[in-house]
Amino acid sequence: MTIETIATYAAAASLLIGAFFIIVGVIGLLKFNEPMTRLHAPTKVGTIGIGMLLIASMLVSFGQGEGSVHELLIVAFLFTTAPVSANFFAKVIIHRGNCGPLPTPPGDQAWSTLAKPKKD
Amino acid sequence: MLMRAYRWLLPHPYLTAILAIVWIMLQNKATAGMAVFGLILGIIIPRLTSIWWPDTPKFRILRMVPYTLLVVWDIVVANIQVAWIVLTVPNSKLKPAWIVVPLDLKYPEAISTLAGTITLTPGTVTADVSDQGNCLLVHVLHTHDPDAVRDDIKTRYESRLLRIFS
């Protein structure tokens, strides 16, 4: 077994794991019937699904002796931007009002999505 | 005088370092020229954007390392749990819940880090923050005990973030 063979098998395994989690995310997106629960499916695809595909890409490139670190950057950028897009989806759902009753924040406050700016 | 020049040139030293490292990683090979160019970018960009980012919170970067490892581990574990929920729990038995997480964190940067962590771990999504910044609105996919989820977030992530941003 050369390093290249081991890297190929490891890459194949992580491709399979990543593909499994992506398909579970897609099933979740189709199966759930409320907007907020549907929002949970893409977060899973975005973290471990894409993460395992990128690990496979790194394993192949290191197995061939030409290391690549771009994948680490992709993971870093993805992990910093994915919560922002999920947050915007949630804001849209709250604005459209199809999210069930929201709990009231403690104290005399409002959620910032629904807060009215003070007139002065 | 020297200190003021340092603050003027490097308003966010960690941002400078991160930008330089990202630039070198984008080239995929570490050469001296690329390191110098990355450092130039890392000085110019924080300088030009510092008016939109006036405060520099205290930040212990070494404590960020165990926190990152913990979050990656939690992402893996939570992914398996959520995959199990997606594949086995029917819609009628699903118990989604809204929870309110009161915040002890004060810096906006720390609150965004906590909100991002909550969203990245599958099963919980941060939906909103209260207008005074005192609590987060979190949606949980499936739970029988919403208070336990809230306490878990507070003890597992927020207490660590309080020590990082202190």
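Treat the numbers as computed from the prediction; the structure is a model and nothing was measured.

Visitor: Whenever I open this one, the packing of helix H1 (residues 3–31) of chain A against helix H3 (residues 40–63) of chain A confuses me. Can you help?
Guide: What describes two packed helices is the angle between their axes and the distance between those same axes. All names here are of chain A. Close contact between H1 and H3 brings their axes to 8 Å; oriented N to C, the two are set at 165°. Relative to H3, the element H1 is oriented roughly antiparallel. In terms of crossing hand, the pair formed by H1 and H3 is left-handed. Here the residues of the contact of H1 with H3 are counted per class, giving 20 nonpolar, six polar and two charged.

Visitor: Got a minute to help me understand the layout of surface pockets in this structure?
Guide: Picture a little ball the size of a water molecule; that probe, rolled over the atoms, points out where space is still empty. Residue and element names in this part refer to chain B. Here the second largest pocket is characterised by a volume of approximately 430 Å³. In terms of lining residues, the second largest pocket is bounded by 20 residues, among which Ala 78, Gln 81, Pro 122, Thr 124 and Asp 152 are the most central. Where the lining of the second largest pocket is concerned, the elements lending two or more residues are helix H4 (61–88) and helix H6 (146–164). At six residues, the largest contribution of residues to the lining of the second largest pocket is made by H4. Split into classes, the residues belonging to the lining of the second largest pocket amount to eleven nonpolar, six polar and three charged.

Visitor: Explain the pattern of salt bridges to me, please; I cannot follow it from the model alone.
Guide: A pair can form between side chains of opposite charge whenever their charged atoms are brought close. All names here are of chain B. Considering all chains together, one arrives at six salt bridges over all chains under this definition. When the shortest N-O distance is used, the salt bridge between Asp 151 and Arg 150 registers 3.4 Å. Residues joined in a network through salt bridges with shared partners are Asp 104, Lys 154 and Glu 158.

Visitor: Honestly, the interface of chain B and chain A in this entry has me stumped. Any pointers?
Guide: The figure often quoted for interface size is the accessible area lost as the parts come together. Listed as interface residues are 42 residues of chain B and, on the opposing side, 44 residues of chain A. When chain B packs against chain A, the two sides together hide about 3,500 Å² of surface, and 70% of this comes from carbon and sulfur. It is Met 25, Val 86 and Trp 98 of chain B that lose the most area in chain B upon contact with chain A, and together they represent 17% of the buried surface on that side. Counting every contact that joins chain B to chain A gives one salt bridge. The partner of Lys 91 of chain A in a salt bridge is Asp 128 of chain B, with the nearest N and O atoms 3.6 Å apart. On the surface where chain B and chain A come into contact, there are nine residue pairs in polar contact (both at pLDDT 80 or more). Ranked by residue count, the leading element in the side of chain B that touches chain A is H4 of chain B, at nine residues. Looking at the side of chain B that touches chain A residue by residue, the class counts come to 27 nonpolar, 13 polar and two charged.

Here is what the cut-offs are and how they apply
Residues numbered from 1 in each chain as written. Chains lettered and ligands numbered in written order. Predicted model: local features only at pLDDT ≥ 70, side-chain atom pairs only at ≥ 80, totals over all residues. Heavy atoms only, no water. Axes fitted to C-alpha atoms, helices over the stretch in contact; angles between N-to-C directions. Helix = DSSP H or I, 4+ residues; strand = E, 2+ residues; numbered from the N terminus. Parallel < 35°, antiparallel > 145°, perpendicular 65-115°, else oblique. Left-handed = near helix turned anticlockwise from the far one by under 90°. Nonpolar A, V, L, I, M, F, W, Y, C, P; charged D, E, K, R; others polar. 1 Å grid on protein atoms, 1.4 Å probe; cavity = no way out; pocket = protein on both sides within 12 Å on 5 of 7 lines; lining within 4 Å. Points joined across faces, edges and corners; volume = space filled by probe spheres on them. Salt bridge = Lys/Arg side-chain N within 4 Å of Asp/Glu carboxyl O. Contact = heavy atoms within 4.5 Å. Buried area = accessible area lost by both parts, 1.4 Å probe. Polar contact = N/O pair within 3.5 Å; in protein donor to acceptor, adjacent residues only side chain to side chain.

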